[in-house]
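Spelled out, the chains give:
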Amino acid sequence: MKPGFACELVNSKGKNFKFDDISCLIKYMKIEGTSQSDYEFIVVNQFQKEEFIDAKEGLYLQSENFKSPMRGDIAAFKNSPIQIDISDYEVDLKKVLTWEEIFDLF
């Protein structure tokens, strides 16, 4: 896994489901027919940091320049992407997305 894109689901029994791309986590939930309320925690790794954040509270950017492992190419941020130097990735900072918007993409 590339740490900058790792994410996890934790169900009410404490079982972890680990993913190396946010797109895989979302596709898994949809294929399994589960909802966000079926999980105690949905966490994503903040881009360029080794820190998990609550997925619902994150802000997201999508760009093919992120090159995530399964090519969902989504980067998560705790606050604002502007606070982290992402100038090398050529992303449109006007297109910051919420968890709900990212969830609908896949």
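Structure report, in brief. Since the structure is predicted, the reported quantities are computational estimates derived from the model, not experimental observations.

What to know about the overall build of the chain
The helix and strand inventory of the chain stands at two helices and six strands. Counting from the amino terminus, helix and strand elements in the chain follow one another as β-β-α-β-β-β-β-α. Put simply, the chain has 106 residues, and 42% of those count as buried. Taking contacts inside the chain between residues at least 6 apart in sequence as the whole, the part at least 24 apart equals 56%.

As for the side chain of Asp 73
Inspection of the secondary structure puts Asp 73 in the loop between strand 5 (59–62) and strand 6 (74–77). Using a relative accessible area of 7% as the deciding quantity, one classes Asp 73 as buried. At 3.4 Å, the side chain of Asp 73 forms a polar contact with the backbone nitrogen of Lys 67. A distance of 2.9 Å separates the side chain of Asp 73 from the side chain of Arg 71, its partner in a polar contact. When neighbours within four sequence positions are excluded, Asp 73 is seen to be in contact with Asp 21, Leu 61, Gln 62, Ser 63, Glu 64, Phe 66, Lys 67 and Ser 68.

Some points on the side chain of Asp 21
With respect to the helices and strands, Asp 21 occurs in the loop between strand 2 (16–19) and helix 1 (22–32). Lacking a salt bridge, the buried Asp 21 has Arg 71 as its closest oppositely charged neighbour, with an N-O distance of 6.9 Å.

With respect to the pairing of strand 6
Burial along strand 6 is two-sided: the face carrying Ile 74 and Ala 76 and the face carrying Ala 75 and Phe 77 are both buried. The sheet contact formed by strand 5 and strand 6 spans four bridges and is antiparallel. Pairing of Leu 59 across the sheet is with Phe 77, part of strand 6.

A word on the environment of Val 96
Along the chain, Val 96 turns up in the loop between strand 6 and helix 2 (99–105). Considered as a pair, Val 96 and Ala 76 are 20 residues apart in the sequence and their alpha carbons are 9.9 Å apart.

Considerations on the packing of aromatic side chains
For the coordinates displayed, the defined rule picks out seven aromatic pairs. A centroid spacing of 5.4 Å and a plane angle of 50° characterise the contact between Phe 19 and Tyr 28, whose relative ring orientation is tilted. Taking relative accessible area as the criterion, Tyr 28 reaches 23% and is therefore assigned partly exposed. In this structure, Lys 30 packs its charged tip against the face of Phe 103, placed 4.8 Å from the ring centre.

Thresholds applied
Residues numbered from 1 in each chain as written. Predicted model: local features only at pLDDT ≥ 70, side-chain atom pairs only at ≥ 80, totals over all residues. Heavy atoms only, no water. Helix = DSSP H or I, 4+ residues; strand = E, 2+ residues; numbered from the N terminus. Buried < 20%, exposed > 50% of the residue type's maximum accessible area, 1.4 Å probe, protein only. Contact = heavy atoms within 4.5 Å. Polar contact = N/O pair within 3.5 Å; in protein donor to acceptor, adjacent residues only side chain to side chain. Lys, Arg positive; Asp, Glu negative; His and termini not counted. Salt bridge = Lys/Arg side-chain N within 4 Å of Asp/Glu carboxyl O. Pairing = 2+ DSSP bridges. Phe/Tyr/Trp six-rings, centres within 6.5 Å; stacked < 30°, edge-to-face > 60°. Lys NZ or Arg CZ within 6 Å of the ring centre and 35° of its normal.

Everything listed here is a matter of coordinates, which is why it stays silent on function.
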